[in-house]
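# Analysis of the macromolecular model
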Amino acid sequence: GLETALYKVLARTPAARWRTAADFAAALAHPALVAAPGAGTSSTRQLALAVVRRLPWWGKLAAGVATVAVVGLVGVLLLRPKPLNITVSAGTRLAAQPIQR
C-alpha cells in the first residue's frame, strides 16, 4: 500500500522509481492497488526485522540496554543546566578603603 509507494519513491535506481508524478499521485490516491512489499523486492523494514529475529535473547537485551543508555546520555547532555558566566573587569575598583563610621 502506502508504505510500498513511498519505498518506490526512495528506490536507488531510477528504473525502480515511479516513471511520472501522475503515477505516484495515483498510487497515493489508491494505495490498495500498489503491489505489496516483498513482491519482487524486500523492504528495508523486513530486512531489519529479519536481522533482529536472528539475534539471541541476550543480544536483544544488550541492544535494548545500549539504546536506553545512548538516549539517556543524549538527554542528559541536552538538558543539563548551562553554567552562568559573569565577567567582571579586573581593573575596576569599587572602593579604595573600607568605609568607617
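Residues numbered from 1 in each chain as written. Predicted model: local features only at pLDDT ≥ 70, side-chain atom pairs only at ≥ 80, totals over all residues. Heavy atoms only, no water.

Here the focus is the overall build of the protein. Secondary structure summary: the protein contains 4 helices and 0 strands in total. Counting helices and strands in the order they occur from the N terminus, the protein gives α-α-α-α. Burial statistics for the protein: of 101 residues in total, 7% are counted as buried. Of the contacts made within the protein by residues no fewer than 6 positions apart, 39% connect residues no fewer than 24 positions apart. By element, 66% of the accessible surface of the protein is carried by carbon and sulfur atoms, the whole surface being about 9200 Å². (Helix = DSSP H or I, 4+ residues; strand = E, 2+ residues; numbered from the N terminus. Buried < 20%, exposed > 50% of the residue type's maximum accessible area, 1.4 Å probe, protein only. Contact = heavy atoms within 4.5 Å. Areas by Shrake-Rupley, 256 points an atom, 1.4 Å probe, with all protein chains shown as cover.)

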